[in-house]
Amino acid sequence: MKDVTKIRIIAMITSILIPILLVFCIVGFHSNELVLVSIHFVSFLLLFLSTAIFLLCLFLLLKNKKKQKRIKKRKEKKEQVGKLSKGKKIVFIIFISLEILGSSIFLILLYSPFKGFREWLISSAMATMSHKYLATWFYSEEEINKVLEANQLVEQIEDTDLDSINPNSPFNRDDYENEYERDIFTLEDESAPYKIIPISRKNFEGYLAVIYDPARISVVSTKYLNSVGQYVTEMAADNKALLAINGGGFLDENKKGTGGVPDGVLIKNGKVLSDRPYNTSGGVIGFTKENKLILGKMNAKQALAKGVRDAVSFRPFLIVNGKKSFTKGNGGWGSAPRTAIGQRKDGIVLMLVVDGRTIQNPGATLVDIMNILYNYGAYNATNLDGGTSSVMVLPKEEASQYISEKEMTSHCKKGYCYINDVVNGSGAHVTRPVVSSFVVK
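Residues numbered from 1 in each chain as written. Predicted model: local features only at pLDDT ≥ 70, side-chain atom pairs only at ≥ 80, totals over all residues. Heavy atoms only, no water.

Asker: How should I be thinking about the overall build of the protein chain in this particular structure?
Answerer: Counting secondary structure elements, the protein chain contains 12 helices and 20 strands. The C-alpha extent of the protein chain, read off along each of the three principal axes, is 100 × 45 × 45 Å. Burial statistics for the protein chain: of 441 residues in total, 49% are counted as buried. Split by element, the accessible area of the protein chain, about 23,000 Å² in all, is 57% carbon and sulfur. In the protein chain, the 56 positive side-chain charges and the 43 negative ones have mean positions that sit 19 Å from each other. (Helix = DSSP H or I, 4+ residues; strand = E, 2+ residues; numbered from the N terminus. Buried < 20%, exposed > 50% of the residue type's maximum accessible area, 1.4 Å probe, protein only. Areas by Shrake-Rupley, 256 points an atom, 1.4 Å probe, with all protein chains shown as cover. Lys, Arg positive; Asp, Glu negative; His and termini not counted. Charge placed at Lys NZ, Arg CZ, Asp CG, Glu CD.)

Asker: What is the right way to look at the nonpolar core in this model?
Answerer: Across soluble globular proteins, nonpolar side chains show a tendency to be buried alongside one another. Judged by nonpolar contacts, the single largest core of 63 residues is most densely connected at Leu-243, Ile-285, Met-351, Leu-373 and Phe-438. Dropping the residues within four chain positions of it, Leu-373 is found in contact with Leu-208, Leu-318, Ile-319, Ala-340, Ile-341, Leu-350, Leu-352, Ala-378 and Ala-381. Core analysis: the next-biggest nonpolar cluster, separate from the first, contains 16 residues, Val-232, Ala-236, Ala-241 and Tyr-416 among them. (Core = buried A, V, L, I, M, F, W, Y, C linked by side-chain atoms within 4.5 Å. Contact = heavy atoms within 4.5 Å.)

Asker: Which parts of the structure should I look at to understand the confidence of the model for the protein chain?
Answerer: Parts of the prediction with low pLDDT should not have their coordinates interpreted in detail. Residue-level pLDDT values for the protein chain average 91, and 95% of them are 70 or greater. Contacts for the low-pLDDT stretch residues 74-82, under 50 throughout, to residues beyond four places or in other chains number 8 contacts. (pLDDT = per-residue confidence, 0-100.)

Asker: Is there a simple way to think about the packing of helix α4 (residues 116-126) against helix α6 (residues 141-150) in this case?
Answerer: Helix packing for two helices is described by the angle between their axes and how far apart those axes are. For the pair α4 and α6, the least separation of the axes is 10 Å and the interaxial angle reads 95°. By the angle between their axes, α4 is roughly perpendicular relative to α6. In this structure, α4 contributes Glu-119, Ile-122, Ser-123 and Met-126 to the contact, and α6 contributes Ile-144, Val-147 and Leu-148. Looking at the contact of α4 with α6, its residues break down into 5 nonpolar, 1 polar and 1 charged. (Axes fitted to C-alpha atoms, helices over the stretch in contact; angles between N-to-C directions. Parallel < 35°, antiparallel > 145°, perpendicular 65-115°, else oblique. Nonpolar A, V, L, I, M, F, W, Y, C, P; charged D, E, K, R; others polar.)

Asker: So what exactly am I meant to see when it comes to the state of the cysteines here?
Answerer: Here is the idea: a disulfide is a covalent bond, and it sits between the sulfur atoms of two cysteines. Taken as a whole, this structure holds 1 disulfide when the rule is applied. Residue Cys-412 pairs covalently with Cys-417 via a disulfide, S to S 2.0 Å. Residues Cys-412 and Cys-417 are joined by a disulfide whose S-S torsion is about 100°; by sign, that bridge is right-handed. Each member of the pair, Cys-412 as well as Cys-417, carries the same accessibility label: buried. (Disulfide = S-S within 2.5 Å.)

Asker: Sorry, what's going on with the packing of aromatic side chains here?
Answerer: Aromatic ring pairs: the centre-centre distance and the angle between the two ring planes describe each pair. Enumeration according to the criterion identifies 8 aromatic pairs in this entry. Between the aromatic rings of Phe-106 and Phe-138, the centroid separation amounts to 5.8 Å while the plane-to-plane angle is 80°, which identifies the pairing as edge-to-face. Remark: Phe-138 occurs in the loop between α5 (133-136) and α6 and Phe-106 occurs in helix α3 (residues 86-111); sequence separation between them is 32 residues. Of the residues examined, Phe-138 reaches a relative accessible area of 12% and is grouped as buried. A connected cluster of aromatic rings, assembled from ring pairs, spans Phe-106, Tyr-133, Trp-137 and Phe-138. Above the face of the Phe-314 ring, Arg-315 is positioned so that its terminal group lies 5.8 Å from the ring centre. Its end group placed over the ring of Tyr-374, Lys-324 keeps NZ or CZ at 4.6 Å from the ring centre. (Phe/Tyr/Trp six-rings, centres within 6.5 Å; stacked < 30°, edge-to-face > 60°. Lys NZ or Arg CZ within 6 Å of the ring centre and 35° of its normal.)

Asker: Would you take a moment to explain helix α10 (residues 366-375) for this structure?
Answerer: Since the α-helix turns once every 3.6 residues, residues separated by three or four places project in the same direction. For α10, the full list of buried residues reads Leu-366, Val-367, Ile-369, Met-370, Ile-372 and Leu-373. Once α10 finishes, Gly-377 follows within two positions and takes phi at roughly 95°, a positive value.

Asker: What's the story with the pairing of strand β16 (residues 378-384) in this structure? I'm lost.
Answerer: Most of β16 is tucked away: 7 of the 7 residues are buried. Taken together, the 2 bridges between strand β11 (residues 317-320) and β16 define a ladder with antiparallel strand orientation. Among the inter-strand pairings, Phe-317 is bridged to a residue of β16, identified as Thr-382. (Pairing = 2+ DSSP bridges.)

What follows is the structure, given as C-alpha cells:
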C-alpha cells in the first residue's frame, strides 16, 4: 500500500505542474523575452515528462483499484492505506480546478482567436514609457507590430488653418447650438477667466477646463532643464498660475524617467529651449503671438518663423482644421489617463484631463478624447503626455471644490493641488515630475 501512496503523491504533483508548464510553453512559443529559449525547451521537456508520468500513475491507480475490488476484505479493513480523506480530496480537487480554470482564462485572453483583449493589452502597454514588458513578455515583435499597424490613428496631414481662428470674436452666449455650447457659455460669473466642466463616461472621469482668453496661456518648463523635471504643482506655484496642465513629452533615458530632458521642440516665450528631431506622429504644439493654437511637423526655427511664442512636442494630432484623425481598429494607444488640448474657432481653448488605471476607470482611448474635444467644438486638438503625468492643477482654495481634505495631503505642493485622481503604473495614487506645462495666468 505504500507504493500506492507514492503513486498518488506523484500524480498530484504532476497534475499541478502540467497547467503551469503548459502556460510557460505557450507563452514561450509567442515570445522569448519572458520565457527564454533555454527555459522554453526545458519547460517543453518537463511538460512532456510530467504528462507521461501522470498518465502512467493514473493507469497504475486504476489497475490497483480493479485489483482491490477483486480482493475480499473484512468490513473493518476496507479503508485502504494511503487513501486521501474526503476533506483533503475536496480541497485538492478545488485547487486543481481553480488552477486549470485560471490557466485556461489566462491563455484564452492572450492567444484566442478573439483579438479584443490582445489588441487592447498591446496597444495600452506599448504606449507607456515603462510598462512595454506587459506586451513584450507575451508576444513577439512581429505580433506586436502587426497589432500596432492595425490599430492606430492616422493624422490629417495639412497645415493648420490659422485664418479660421478668431480669438477676438464675440461669444454668442444666448443661442446655444447644443448641450456642449451650453456647458461652455453658462457662467455664474461672466468675468471668470475659465470654467471647469466635469467629464464622466463609462470607463473614465475627468475635467475639461474652458479657457476664454488664449492670451493667458503660456508654456513653462522645469527649473532644472536637461537634468530633472518638476511637479506641475511646483511649476504652477512658481508662475502664480490660475490653472495648469502637464505639457509635452520627455526622454526616458536609461528608463530612469526623471522628466528633465525635453523630447522634440520646446519654446518658452519665444526662446528655444530644445530643438531635438521628432521623427514620429504629432510634432509641434504651440501658440502663436496671435494666440492661435498651431499643430505641425516643424523644427524650432520653422516654428519661430510661423510666429510661435510657446510650444511643446507630442503626439498624435487628433483634430486638424475641424477634421478628425482617421481611426484604424481601436485607434491604438489603448486605455489610459490622458491629457489633451484644443482650440475652437472662436479662440476658446479646451484643456482636458481624464483619469485611468483603476478597476472602475481603466481610462480613455484616444478616440474617446478626440470625440469629447470635437463635441465641444475643437477646430484643432492634440494629445499631450499622459499616464502618470496627467494632471490638472489649481490653487489650493479653488482645488478644495474638487478634492477632499484627506486628498489634499497627497495632492498639494506649495499651495497648489492636482484635482484629478492620478494612478501610476504600480497602482499608487501619485503623479511624477515632468518637463513642461501649459499654465493659465
